[in-house]
Amino acid sequence: MEAFRSFSRPGEPPSIGEYLGKERIVGTPALRKEGVAKVRGSARYIDDISFPGMIFGATVRSSIARGRIQKIEFGEGVIWDEFIVVSAKDIPGENAIALINKDWPCLAADRVNHPEEPILLLAHPDRHLLPKAVAAVRIEYEVLPSVHSMEESERGDVIVWGADNVFKKFLIDNGNVDAAWDQADFIVEGEYTTGAQEHLYIDNNGAIAAYTPDEGLTIWGSMQCPFYAHKSLVCLTGLPEDKVRIIQVETGGAFGGKEDYPSMIGAHAALLAMKSGRPVKIMYDRMEDMVATTKRHPSRTRIRTAVTKEGKLLAADIDFTTDGGAYSTLSATVLSRGTIHAGGAYYWPNIRVRSKALATNCPPHGAFRGFGAPQSLFAMERHMDRVASAIGMSPEELRRRNFLRPGLATATGQKISEDVNLEHLLARALTISGYSAKRERFSRENIRAKKKKGIGIAAFLHGSGFTGSGERYLNSVAGMDATAEGKLRVLVSSTEFGQGTNTILCQIAAESLGIDYDAVEMAPPDTGIVPNSGPTVASRTSMIVGKLVHSAAIGLRQTLQASGLLGESWTTPEFCEAAKTHVAKYGALRSDSRYEPPVDVHWDDQTYRGEAYAAYAWAVYVAEVTVDMLTYGVTVDDFVAVQEVGRVLNPTLATGQIEGGVAQGIGYALYEKVQWERGRMANGQMTNYIIPTSQDIPPIRVFFEEMPFGHGAYGAKGIGELPMDGPAPAILNAVSHATDTDFNAIPLLAEDICLRLALRQTVPVEAVAV
Amino acid sequence: MSRQCFSLHVNGECRMVEAYPMERLLDVLRDGLGLTGTKEGCGEGECGACSVLIDGELVNSCLVPVAQVNGTEIVTIEGVAAGQHLHPAQQAFLTCGGAQCGMCTPGMIMATVYLLKKYPQPTSDQIREGLNGNLCRCTGYMRIFEAVEKAAVQGQGE
Amino acid sequence: MRSHPAEYDFASPGSLAGVLERLDSEPGEWLPVAGGTEVMVQYGAGRLRARRLLNLWNIVDLRQITETSEHLSIGGGCTFAQLRGHVSVQEHFPLLAQAASWTGGIANQNRATIAGNIVNASPAADSPPALLVYEAELELISARGTRRIAYADFHLGYKKTALQPRELLLAIHLQKRFAGWFRYAQKTGARNAQAISKICVAAVGKLRDGRVEALHIGMGAVAPTPLRLRKTEEALLGTILTEDAIANGRRMLLTEIAPIDDIRSSAEYRRQVAANLLEDMLRNFAAKGNAA
Ligand SMILES: Cc1cc2nc3c(=O)[nH]c(=O)nc-3n(C[C@H](O)[C@H](O)[C@H](O)COP(=O)(O)OP(=O)(O)OC[C@H]3O[C@@H](n4cnc5c(N)ncnc54)[C@H](O)[C@@H]3O)c2cc1C
Ligand code: FES
Ligand code: FES
């Protein structure tokens, strides 16, 4: 275990130098760059910004799930002359929010495909007049039949998208699954489902647009991906690329929820600004944000596995299906990640994963932390417990016997080349949580208890960066420059929305330049200033963009040295002075670095074979729960999260990422239920969509194993999404242990437990055949 | 209904505002007085992002019409620090990682300031209860609890 | 914010007499607002029908808690923070202090008033079960005088109460006669804090020689109004709390409650949990007797 060195969670943050390398800044709990502004309340989010002459926009949306627009009337009681009104006819370019496809209209022209689909835009100087005006627009529809479940969609009686309601299909077929059933001692089958999940960032979506024919269009917004919005707005407005400028402002949480939708709001604000000639702000309130914007894809996974009585997994046949909503948006890529992760952290000699993303008539589902992996991993990790139970082996032993190890291949045939040691992570997690003794004691004491206790585990992996050839296509660039004052700046389109981008990238830059952290700052995330370092998604920022910043910094340093302004060693003031002189003398000091795919990474988009990800983060989580048999409520009492994420660049931020992800995972498992009424979220208020409060979260105990990864910046891999994957299955495994009953669907509410335990409702077919 | 004049003592200063009596204190602070540190997360009393102190009591400003605070003392996040000097709660949130996206942070710090006034050495249960009306979607609360504990220790020395 | 502030009239007479006068001269025209935690939510959502609002916040006559050796009177304008912190409420009416601490988060408790909770008349509100079991009396006041009414008679139907348009809820009167009684309270919400109850229950009782001498049970979210479970109480009075008696109580309860499916829970769940909580309460009662 020499390669491992570990530290406990912060509390007593380790001092500089205690880390693996001899770095001064990377690995330390450097303070959040924009932290002082945040604790003072001076950080400016989108709703905190206004411009002279600015007016306010609002969106008229469809009230039905699917139909043709017959007639639009502007009702009584509103002085319509005072309003700017925009419809699809006002769109200068293509009526689409361009993502992977262009099927997502910016404004519905003659048909609507989901409730809350935008149809018209209104603007007025008095924002308080807008709700009434929106309500006064009467739209008549010819209602068309709509589809509201994956089952209806796949039945195909009503086709609502394309030829067959299917956005995308994938097939992974590795080995010979069909030949394996005969060799099995046990065949275990199951069906697992996950619900939609609302991001519930506290900062609602919003954007401001300003337009003049000379300067073109500028959009300020709460967002993750300025260049996604840029691409979309160029396509929508028909303006040249250099006449569209996107500026991300302080963004109060995103979690994937501000990956695609900000392009929509930005487009809406742009259309109103272009028509009115004034800056326009569109700010969603909580209900509009909840009912109209994206959620996590609901899913259904069917797994059939062959296993020997010694607990060796022989084969898996997995059918993974997601509900994509009404338009394709990002469903294909979410499905892809879910598909690749479906086999979990195990070695399968034979595996087949068939997956599809289906259309239904609800608002499009979108990116959400984990991006499909939490769905398919939930299924696999619940299934592993059921396999263990079927063959009479402990859940941890079954996992141990089948873990991926260096040299073994994943479902896509990717040979594990990292020095991963899942057995060690498992052992550590079990020891810290006191798992074995508790499991045994709870089983014994539960029989008559009014409060039943359970403990469950989940072991999993999460691929860092874009899937397959994604990074190659992205072709990202990051840069560094110096200002006339000698301040060093990081130039990226990677955005901060709480996860720590600013801090981590400045740490990397400062480390690479050999200067103090305080001497480095972020250039504004403005497409007019920064290069396209790709979207801020997929846990790619530290690993991929961090590496580019590292190279750019080294380039900048070398330029300075080559110019003779910098010697062999320097202090921070010397470095800054040299940079300043360079700018004064030569006009600029800048260095860019472009992504170069590692030579050993190969991926085939056709067969879905190859190196799906450049690296994986690995983890074992343990949840301890109590199920109250009076109220059927579940409380999570303790949570242990042990993970290997490469090098930890900032222990405070890293720990915070894990804890925050675990809390969202607890919500996903036990609280958060989107209640659909014909494609519309019926509980679009914080009072009825329940997320955990400070009194619902157990102590979350976070531990890292550090194993620097060769290709990431200072050894970093992805971290942001990983903690979303494990909590739900660990918790459901614990509840199933406590109650001695299989629960295979999330969210698992007290009502569901009541139905099963008290009212003895049986579960849908899930035979354990022997 | 026409606008009326209200006098509020905000962060130690007397401020006169012209507003409709049913305007929410939240909007008066943000739009009228430019104090945008107080945030709107829900507008329904659930999230606590809009928390301020009114006459020393923690209140959600999205549920208070300005007419009900005429003549009161109001403290917002902008009034917590002593000039350049951060309040111990602000400092602790900064160093412990209690603020991620920062949207819940102003409200969370107001709730912390209120909590520490009531219980200078709060127990873990008191901290959890004291922050139960302030939702945070980013942190999972652990760093926040740690920040409150740290602020309590540092507040002692003040 | 889905309402326009310019469309609302707001008056702050500043005194109880001033408020009553306004209500008397234009009955039904003015909606009182105390802490605003109901009214302002409606307003923000664009659902507040009333256009003229009358300020009750901080009217001193509504914020007093007074007591004698036998009685405690709580002004309608007292906040839940005030109630949970009050020594006599804690000592003599612990179930009410408990309910106060369950009513939303800390900031909510600093504004939410007990009269607002009662008059708003949500069947799921937290303080009514406690008020029912303590057999509270309400004092209603108008410009023409005051009248008293048993709290049990206040709720007439879903969101319908005995309060007249000219009236305010002046005070809640309680008798300090529950010392030594067994007591029980439970709230079941979707999470541990700041959750509207899916079921809430309060009960007090007395045993004599092992038999139920007195038993008051109040429940929320199981009927169109907060409910005092008279039939269930009656079925248990005079009995020894054997398993049979408890099962009988459970049966009676299920005939007495009529919960519904709504956005927060299901009727089935509420029936099951209401019955479970009754059982749990009775087992505790049997085991602990009067030693609460
Ligand atoms: C986030 C949040 C969480 C909540 N959680 C809970 C909870 O867990 N449990 C719970 O029970 N409630 C809860 N509530 C509801 C609310 O806080 C209570 O109902 C509160 O007691 C209402 O009091 P108020 O003074 O704020 O009422 P207001 O909104 O001021 O008024 C409510 C109604 O009462 C009338 N009224 C007020 N005072 C008087 C009076 N003296 N005489 C006559 N009429 C009067 C008003 O005209 C109005 O019709 C919650 C509310 C919010 C916003
Ligand atoms: S904005 Fe006031 S509580 Fe959420
Ligand atoms: S830090 Fe983002 S909501 Fe708390």
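Residues numbered from 1 in each chain as written. Chains lettered and ligands numbered in written order. Predicted model: local features only at pLDDT ≥ 70, side-chain atom pairs only at ≥ 80, totals over all residues. Heavy atoms only, no water.

(A) Layout of the overall build of chain A. Of regular secondary structure, chain A possesses 19 helices and 30 strands. Taken over the C-alpha trace, chain A has a radius of gyration of 26 Å; the compact-globule value for 770 residues is 27 Å, and the two agree within 12%. Along the first, second and third principal axes, the C-alpha set of chain A runs to 75 × 75 × 50 Å. Evaluated residue by residue, chain A yields a buried proportion of 67% over its 770 residues. Taking all contacts inside chain A whose residues are at least 6 apart in sequence as the whole, residues at least 24 apart take part in 81%. Of the side chains in chain A, 78 bear a positive and 92 a negative charge, and the two mean positions are spaced by 2 Å. (Helix = DSSP H or I, 4+ residues; strand = E, 2+ residues; numbered from the N terminus. Rg over C-alpha atoms; globule rule 2.2 N^0.38 Å. Buried < 20%, exposed > 50% of the residue type's maximum accessible area, 1.4 Å probe, protein only. Contact = heavy atoms within 4.5 Å. Lys, Arg positive; Asp, Glu negative; His and termini not counted. Charge placed at Lys NZ, Arg CZ, Asp CG, Glu CD.)

(B) Representation of the pattern of salt bridges in the model. Applying the stated rule across the entire model yields 85 salt bridges over all chains. In this structure, Asp27 of chain B and Arg127 of chain A form a salt bridge, with 3.6 Å as the shortest nitrogen-oxygen distance. Of this pair, Asp27 of chain B sits in helix H1 (residues 25–32) while Arg127 of chain A sits in the loop between strand E6 (118–124) and helix H2 (130–136), which puts the two residues in different chains. Sharing partners across several salt bridges, the network here consists of Arg32, Glu34, Lys38, Glu250 and Glu496 of chain A. (Salt bridge = Lys/Arg side-chain N within 4 Å of Asp/Glu carboxyl O.)

(C) Focus on the sheet that holds strand E18 (residues 477–482) of chain A. Residues and elements named next belong to chain A. Across the sheet, which stays open at both edges, the four strands sit in the order E20-E19-E18-E21 with mixed pairing between neighbours. Of all strands in the sheet, those bounded by a partner on one side alone are strand E20 (520–522) and strand E21 (590–594). Mean inter-strand twist for the sheet, computed between neighbouring axes without regard to direction, equals 20°. Sitting on the sheet, helix H13 (residues 501–513) is in contact with E18, strand E19 (488–491) and E20, with an inclination near 145° to E20. (Pairing = 2+ DSSP bridges. Axes fitted to C-alpha atoms, helices over the stretch in contact; angles between N-to-C directions.)

(D) Looking closely at helix H10 (residues 243–256) of chain C. Residues and elements named next belong to chain C. The end-to-end C-alpha distance of H10 is 20 Å, a good match for the 20 Å that 14 residues give at a rise of 1.5 Å each. Among the residues of H10, those classed as buried are Ala245, Ile246, Gly249, Arg250, Leu253 and Glu256. Within H10, the buried residues cover an arc of 145° as seen down the axis, which keeps them to one side. Those residues of H10 that are exposed and aimed more than 90 degrees away from the buried face are Asp244, Arg251 and Thr255. (Expected span 1.5 Å × (residues − 1). Arc of directions from axis to C-beta.)

(E) Focus on the site of ligand 1. The environment of ligand 1 is formed by 35 residues, the closest being Pro32, Thr37, Glu38, Thr113 and Asp126 of chain C. With respect to ligand 1, its neighbouring residues span chains B and C. Between ligand 1 and the protein, one listed contact pairs an oxygen atom with a backbone N or O atom of Gly35 of chain C at 2.8 Å. Considered on its own, ligand 1 offers 970 Å² of accessible surface; in the complex 94% of this is hidden by protein. Those elements giving two or more residues to the shell around ligand 1 turn out to be strand E2 (31–33), helix H2 (39–44), helix H7 (114–120) and strand E10 (168–175) of chain C. Class assignment for the residues of the shell around ligand 1 results in 19 nonpolar, 11 polar and five charged. (Near = heavy atom within 4 Å. Polar contact = N/O pair within 3.5 Å; in protein donor to acceptor, adjacent residues only side chain to side chain. Areas by Shrake-Rupley, 256 points an atom, 1.4 Å probe, with all protein chains shown as cover. Nonpolar A, V, L, I, M, F, W, Y, C, P; charged D, E, K, R; others polar.)

(F) Region of interest: the packing of aromatic side chains. Scanning all chains against the criterion turns up 22 aromatic pairs over all chains. Geometrically, the ring pair formed by Phe74 of chain A and Trp80 of chain A is edge-to-face, given 4.9 Å between the ring centres and 75° between the ring planes. We classify Phe74 of chain A as partly exposed; its relative accessible area is 37%. The interplanar angle of 85° and the centroid separation of 5.0 Å between the aromatic rings of Tyr8 of chain C and Tyr43 of chain C together place this pair among those described as edge-to-face. (Phe/Tyr/Trp six-rings, centres within 6.5 Å; stacked < 30°, edge-to-face > 60°.)

(G) Geometry of the interface of chain B and chain C. Facing 28 residues of chain B, the contacting portion of chain C comprises 30 residues. Across the interface of chain B and chain C, roughly 2400 Å² is buried in total on both sides, 59% from carbon and sulfur atoms. Three residues stand out in chain B for area buried against chain C, namely Met22, Leu63 and Gln68 of chain B, and they jointly supply 30% of the buried area on that side. Our count for the chain B to chain C interface comes out at two salt bridges. Note that Arg191 of chain C is salt-bridged to Glu46 of chain B, the shortest N-O span being 3.2 Å. At the surface where chain B touches chain C, the tally comes to 10 residue pairs in polar contact (both at pLDDT 80 or more). Contributions of two or more residues to the side of chain B that touches chain C are made by strand E4 (57–60), helix H3 (105–118) and helix H4 (124–130) of chain B. (Buried area = accessible area lost by both parts, 1.4 Å probe.)

(H) Up close: the nonpolar core. With 235 residues, the main nonpolar core has Leu233 and Ile731 of chain A as its most contacted residues. Ranked by size, the runner-up nonpolar core spans 46 residues in total, among them Val26, Leu505, Ala519 and Ala578 of chain A. (Core = buried A, V, L, I, M, F, W, Y, C linked by side-chain atoms within 4.5 Å.)

(I) Representation of the interface of chain A and chain B in the model. The interface is formed by 55 residues belonging to chain A together with 48 residues belonging to chain B. Approximately 4000 Å² of surface area, both sides summed, lies buried where chain A meets chain B, with 53% of it carried by carbon and sulfur atoms. Broken down residue by residue, the surface that chain A buries against chain B is led by Val39, Arg40 and Ile202 of chain A, which jointly contribute 20%. Here Arg143 of chain B and Glu659 of chain A are joined by a salt bridge, their closest N and O atoms 2.7 Å apart. At the junction of chain A and chain B, the tally comes to 30 residue pairs in polar contact (both at pLDDT 80 or more). Looking at the side of chain A that touches chain B, the elements with two or more residues in it are helix H1 (35–40) and helix H16 (651–670) of chain A. Here the side of chain A that touches chain B takes eight residues from H16 of chain A, the largest share from any one element. In terms of residue class, the side of chain A that touches chain B is built from 20 nonpolar, 21 polar and 14 charged.

(J) Main features of the side chain of Arg439 of chain A. Residue and element names in this part refer to chain A. Counting through the fold element by element, Arg439 comes out in helix H11 (residues 435–445). Although buried, Arg439 forms no salt bridge, and the nearest oppositely charged side chain, Asp385, lies 4.7 Å from it. Aside from chain neighbours lying at most four places away, what touches Arg439 is Pro395, Ile455 and His737.

(K) A look at the domain arrangement of chain A. Residues and elements named next belong to chain A. When cut into domains, chain A gives domain 1 (46–145 + 199–292) and domain 2 (476–594). Inter-centroid distance (C-alpha atoms) of domain 1 to domain 2 is 35 Å. The interface is formed by 18 residues belonging to domain 1 together with 15 residues belonging to domain 2. Of the roughly 1200 Å² buried between domain 1 and domain 2, counting both surfaces, carbon and sulfur atoms make up 58%. Looking only at domain 1, the three residues that lose the most surface to domain 2 are Gln224, Phe227 and Gln248, adding up to 46% of its buried area. Viewed at the interface, domain 2 and domain 1 are joined by one salt bridge. Applying the counting rule to domain 1 against domain 2 returns seven residue pairs in polar contact (both at pLDDT 80 or more). Listing elements by their share of the side of domain 1 that touches domain 2, those giving two or more residues are helix H4 (226–237) and strand E12 (244–248). The element contributing the most residues to the side of domain 1 that touches domain 2 is E12, with five residues. (Domains from an automatic or database assignment.)

(L) Just the confidence of the model for chain B, in detail. Mean pLDDT over chain B works out to 97, with 99% of the residues at or above the 70 mark. Interface scoring of the predicted complex returns ipTM 0.98; its pTM is 0.96. (pLDDT = per-residue confidence, 0-100.)

(M) Spotlight on the domain arrangement of chain B. All names here are of chain B. What the domain assignment reports for chain B is domain 1 (4–79) and domain 2 (88–157). One C-alpha centre belongs to domain 1, the other to domain 2; they are set 21 Å apart. Opposite the 16 residues of domain 1 that make contact, domain 2 presents 13 residues. Where domain 1 packs against domain 2, one counts zero salt bridges. Summed over the shared surface of domain 1 and domain 2, the number is six residue pairs in polar contact (both at pLDDT 80 or more). Elements with a minimum of two residues in the side of domain 1 that touches domain 2: strand E3 (51–54) and E4. If you tally residues by element for the side of domain 1 that touches domain 2, the top one is E3, at three residues.

(N) Quick peek at the sheet that holds strand E6 (residues 137–142) of chain C. All names here are of chain C. Read from one edge of the open sheet, five strands run E4-E5-E10-E6-E7, paired in antiparallel fashion. A strand with exactly one partner marks an edge of an open sheet, and here the two such strands are strand E4 (65–67) and strand E7 (145–150). The sheet shows a mean angle of 20° between the axes of neighbouring strands, direction not considered. In this sheet, E10 lies alongside strand E5 (residues 71–75) in antiparallel orientation, the contact comprising five bridges.

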